[in-house]
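Coordinate inspection notes
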Amino acid sequence: MTGSLRLAPAFVVGAAFRMVAGADLAVVQRGQLWSSTEEYETPLAPAVDEHALGLGPDLAVAVAVATDPTADVLDFLREQQVPVSRLLVLRPPAGAKDNSVPDAAAANALAVGIRDLLRRACRAHPAIHLFQAGPMGLSLLLGNRWNRLRPTTVYEDVNTQQVYEKAFFIDA
């Protein structure tokens, strides 16, 4: 396939072809092949900021890699009364910037680190609401590893007054 996928569809493709089912995926990102089989040393635990909302039982997650979407996500969650108790903002340890994930090894390590953190964080929540700001390749690799989590609503940044809209539902 040629062209570009938006983040929500890339995540859904990754989730449809999950690693636990034996699927290997790859995508060209910044001229490099980012493959789910690329080796890495250890999972890269993301830095975490937590925001209490008290709007319901679910967990909201913002993956802040290329930029920090926290203000927009918080506004959206409050304005739309999304039933979440808290928002976790996950970013690379060095912070959100457009080159914070330089290659496939780093992307795989961060995807595993995010998944592992969320497995613990979502235990008390019936569902996850996912927002992403990062490279499409990371979104694909994160979806590929999205298992043993909660059912997930994936949102897309539509750049309108509302900013986000529901794009997909994943039964994780």
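Everything in this summary refers to the structure shown in the same document. (Residues numbered from 1 in each chain as written. Predicted model: local features only at pLDDT ≥ 70, side-chain atom pairs only at ≥ 80, totals over all residues. Heavy atoms only, no water.)

1. Some remarks on the environment of Thr160
Heads up, the condition is: Only DSSP runs of H or I with at least four residues qualify as helices, and only runs of E with at least two residues qualify as strands; both kinds are numbered from the N terminus onward.
One can find Thr160 in the loop between β7 (152-157) and β8 (164-170). With 105 residues separating them in the primary sequence, Thr160 and Leu55 have C-alpha atoms 23 Å apart.

2. A short note on the pairing of strand β5 (residues 84-91)
In plain terms, the rule: Partly exposed residues are those whose accessible area sits between 20% and 50% of the maximum for their type, while under 20% is buried and over 50% is exposed, using a 1.4 Å probe and protein chains only. For two strands to be treated as a pair, DSSP must find no fewer than two bridges joining them.
Burial runs high along β5: 7 of the 8 residues are buried. Pairing analysis gives 6 bridges linking strand β3 (residues 47-52) to β5, with the strands arranged antiparallel. Its bridge partner being in β5, His51 is matched across the sheet by Leu87. Taken together, the 6 bridges between strand β4 (residues 58-64) and β5 define a ladder with parallel strand orientation. Within β5, the position partnered with Asp58 by the bridge is Val84.

3. Notes on the nonpolar core
Our working rule: For the purposes of this section, nonpolar cores are sets of buried Ala, Val, Leu, Ile, Met, Phe, Trp, Tyr and Cys residues that join through side-chain atoms within 4.5 Å. By the convention used here, residues are in contact when the closest approach between their heavy atoms is within 4.5 Å.
Formed by 36 residues in total, the largest nonpolar core has its most connected members in Trp34, Val61, Leu118 and Trp146. At the level of elements, α1 (7-16), β4, β5, α3 (104-121), β6 (128-133) and α4 (136-144) are the ones that each hand at least two residues to this core. Broken down by element, this core gets its largest block of residues, 8 residues, from α3. Discounting residues that sit within four places of it in the chain, Trp146 has contacts with Phe11, Arg18, Leu118, Ile128, Leu130, Thr152, Ile170 and Ala172. In this structure, Ala60, Ala62, Val73 and Phe131 belong to the second largest nonpolar core, which totals 16 residues.

4. What to know about unusual backbone geometry
Glycine aside, negative phi is the norm for most residues, and most peptide bonds take the trans geometry. For Gln81, which is not a glycine, the phi torsion comes out positive at approximately 50°. For Gln81, the location among the structural elements is in the loop between α2 (70-79) and β5. One non-glycine residue with positive phi stands out, namely Arg148, at about 55°. Counting through the fold element by element, Arg148 comes out in the loop between α4 and β7.

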